[in-house]
Amino acid sequence: MRGLYSSSGKWWPGVIPLLILWIVAAWNITPQVESELAARADAALGTSVLDKTRIAAAGRDITLTADAFSEQGRSSAVAAVEAVPGIRLVRDRTRLVPEVSPYVFTIQRDVVRVTLSGSAPLPASKARLIDAARAVLKGVDISDRIVLARGAPQRFDAAAVLLVDQIGRLKEGKITLTDNAVSLSGMARELGGREAIAAALRNLPEGYGVAENVVEAPPYVFQAVKDPVASTLTLTGYVPDNAAHAALVEAAGRKFFSEKVVDHLGASIGAPQGFSDAVATALGALSRLSTGTLVVSDRSVHLTGDALFDAAANQIRGGLNKELPQGWTVKADISVKPAGSPVDGTVCQQLFNELLAKTTVRFDSASATIDKDSVGLLDRLAQTAMRCPNTSIEVAGHTDADGDEARNQALSERRAKAVVDEMIKDGLPPERLQAYGYGSKIPLASNDTEAGKAKNRRIDFVVR
Amino acid sequence: MMALFDFYWGWLVGALLIGFGSGWISVVHRGPDLSRNGALGVGGIVAVLIGLSLARLVPGEPGFWLDLLLVMFAAYLIGCAVGSWLRYWVVSRQMRRS
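Presented here is an overview of the structure given in this document. (Residues numbered from 1 in each chain as written. Chains lettered and ligands numbered in written order. Predicted model: local features only at pLDDT ≥ 70, side-chain atom pairs only at ≥ 80, totals over all residues. Heavy atoms only, no water.)

**Thoughts on the overall build of chain B**
Then comes step 1: On a plain count of helices and strands, chain B comes out with three helices and zero strands.
Then comes step 2: Start at the N end of chain B and walk to the C end: the helices and strands fall as α-α-α.
Then comes step 3: For chain B, whose C-alpha radius of gyration is 17 Å, the value lies well above the compact-globule estimate of 13 Å for 98 residues.
Then comes step 4: Along the three orthogonal principal directions, the C-alpha set of chain B runs to about 55 × 35 × 15 Å.
Then comes step 5: Taken across its 98 residues, chain B has 31% of its residues classed as buried.
Then comes step 6: Carbon and sulfur atoms make up 71% of the accessible area of chain B, which amounts to about 6000 Å² in all.
Then comes step 7: Taking the average place of the 7 positive charges on the side chains of chain B and the average place of its 4 negative ones, the gap between the two points comes to 25 Å. (Helix = DSSP H or I, 4+ residues; strand = E, 2+ residues; numbered from the N terminus. Rg over C-alpha atoms; globule rule 2.2 N^0.38 Å. Buried < 20%, exposed > 50% of the residue type's maximum accessible area, 1.4 Å probe, protein only. Areas by Shrake-Rupley, 256 points an atom, 1.4 Å probe, with all protein chains shown as cover. Lys, Arg positive; Asp, Glu negative; His and termini not counted. Charge placed at Lys NZ, Arg CZ, Asp CG, Glu CD.)

Structure representation (structure tokens):
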């Protein structure tokens, strides 16, 4: 042992090669150690929820730079790195992401792209929102301007994803979530889009509500064109549903008795309130025109065309204003067709017969109130009567044989009288018209069948 | 430091060998001894360096290099001690034989 001590005084020369070895070793292994420790630190962070994580190693010291989303997440991340074997010191450069209030998330759609902006609480929720947007908007450019921030209201993800889903229904517009309140503006992509969005918003998570919804829908358009040359009535646009569709086409068939109804209607939700009534009224007005176009767009009705005579034009203008449901506006550009050339009584009679062969004047059941579907026919009958001014005309009412004959007689008289009154309103001189009732005395067909009875219930015009 | 043993065990063996060589030679070497003051100075410097290392006062890469130096120095000293002791053992056996 003494020898060991005495020789230790001579150990120093080896220090010089040792120092050289040390320098070479440091040169060689420092980069390896640094990259190994950085990799270990990265692995240790594993499931920690951080953003903008950067790990820099200098020797055995690690500088951890990251945005954390809670104080606990931040300290546990630092602790995880500190626990990595081999790491000497951790320089903690983590910070909490800023807390914002109010917490705003915005989805904006314009012609070319959809921009997601505002705040999201976690990288995962940000990714979910972007994935949801991609799923809804296949092929549309999505611009991500979401910034991570703390302070999101509860169930933010569910609410925000639901809103992202709605952007697909907008052609352009903006959806903003401010804390718990949703506001929407813009134009729906298609009819019914507005209603679909409103329905979807009812599924917002508890605590969320709609502050403002001013999404507009494309106009709900219904169009009818009466073409006397082709003798067609062309219907285009939308109706609320299939039942309304069938009813409308059937009513059009009754009102436009001499035209073929060409039906290009499609069913769609989003009809304004009172749509069916308004369209029925407006179609009635159109049926009185010789040629005309009806355009119903949302709650405005625009009717253009030629009435058969002056009184009809005035009645159409006044009637539309009165009969349309509340909140509807009407614009009627009605001109009057030039009066037909005068003809003699025989031709007049022939014209009456032609008209009445196509249809007949309809009344409400067991009453002398003229059905609205017959106004077009009455106008044509009046116009025909005007063409033979030197004749007198007998308006003859007939009924079927059902019921009491005395009542039938009275009914036929009242019905004939009602028609005559209508004609006088149209401007025909009262002295030219006589109303007669024949009850069921002059049947045209057997009263044993429904079809025969229908044929017997009629108004005849006889020129004298 | 032990967790990174894989990276520098080769270099430690190198330091150990240098130490072994120095210790082996030192027994029969006739050169000057390290003076008492020199030894105290070296001891003092090493003590300060160990203090710095344990207190983790040197940051980043220099800190790592300091640790590395101390570990290699320790290996060197062990090498010296083993080398000297072995050489003594060999020399004293030869002397006894002759």
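Now that the structure has been shown, we can carry on.
**Focus: the packing of helix α11 (residues 375–387) of chain A against helix α12 (residues 405–425) of chain A**
Residues and elements named next belong to chain A.
Then comes step 1: Taken N-terminus to C-terminus, the directions of α11 and α12 make an angle of 65 degrees; their axes are 10 Å apart at the nearest point. In terms of their interaxial angle, α11 and α12 are classed as roughly perpendicular. Judged by the twist between their axes, the crossing of α11 over α12 is right-handed. Contacts between α11 and α12 involve Leu378, Leu381 and Ala382 on the former and, on the latter, Val419, Glu422 and Met423. (Axes fitted to C-alpha atoms, helices over the stretch in contact; angles between N-to-C directions. Parallel < 35°, antiparallel > 145°, perpendicular 65-115°, else oblique. Left-handed = near helix turned anticlockwise from the far one by under 90°. Contact = heavy atoms within 4.5 Å.)

**What to know about the interface of chain A and chain B**
Then comes step 1: Contacts between the two partners involve 36 residues from chain A, matched on the other side by 39 residues from chain B.
Then comes step 2: In this assembly, chain A packs against chain B so that about 3300 Å² is buried in total across both faces, 71% of it on carbon and sulfur atoms.
Then comes step 3: Of all residues in chain A, Lys10(A), Trp11(A) and Arg88(A) bury the most surface against chain B, accounting for 22% of the area lost on that side.
Then comes step 4: Applying the counting rule to chain A against chain B returns one salt bridge.
Then comes step 5: Residue Arg60(A) is joined to Asp67(B) by a salt bridge in which the shortest nitrogen-to-oxygen separation is 2.8 Å.
Then comes step 6: The interface formed by chain A and chain B contains 11 residue pairs in polar contact (both at pLDDT 80 or more).
Then comes step 7: When contributions to the side of chain A that touches chain B are tallied by element, the ones reaching two or more residues are α1 (2–8) and α2 (15–45) of chain A. (Buried area = accessible area lost by both parts, 1.4 Å probe. Salt bridge = Lys/Arg side-chain N within 4 Å of Asp/Glu carboxyl O. Polar contact = N/O pair within 3.5 Å; in protein donor to acceptor, adjacent residues only side chain to side chain.)

**Brief notes about helix α4 (residues 123–136) of chain A**
Residues and elements named next belong to chain A.
Then comes step 1: Given a rise of 1.5 Å per residue, 14 residues ought to cover 20 Å, and the 20 Å separating the end C-alpha atoms of α4 matches this to within 8%.
Then comes step 2: Of all the residues in α4, the buried ones are Ser125, Leu129, Ile130, Ala132 and Ala133. Take α4 and look down its axis: the buried residues cluster within an arc of 155 degrees, on one side only. (Expected span 1.5 Å × (residues − 1). Arc of directions from axis to C-beta.)

**Remarks on the sheet that holds strand β12 (residues 232–239) of chain A**
All names here are of chain A.
Then comes step 1: Taking strand neighbours across the sheet as the criterion, the six strands line up as β13-β12-β11-β14-β15-β16 in an open arrangement whose pairing is mixed. If you trace the sheet from one side to the other, it starts and ends with β13 (260–267) and β16 (329–336), each paired once. Looking at each pair of strands side by side, their axes are set apart by 5 degrees on average, direction ignored.
Then comes step 2: Relative to β13, β12 runs parallel, the two sharing eight bridges. When the bridges of β13 are listed, Thr236 appears paired with His264.
Then comes step 3: The sheet contacts of helix α9 (residues 310–323) involve β14 (289–297), β15 (300–307) and β16, and relative to β16 the element is tilted by about 175 degrees. (Pairing = 2+ DSSP bridges.)

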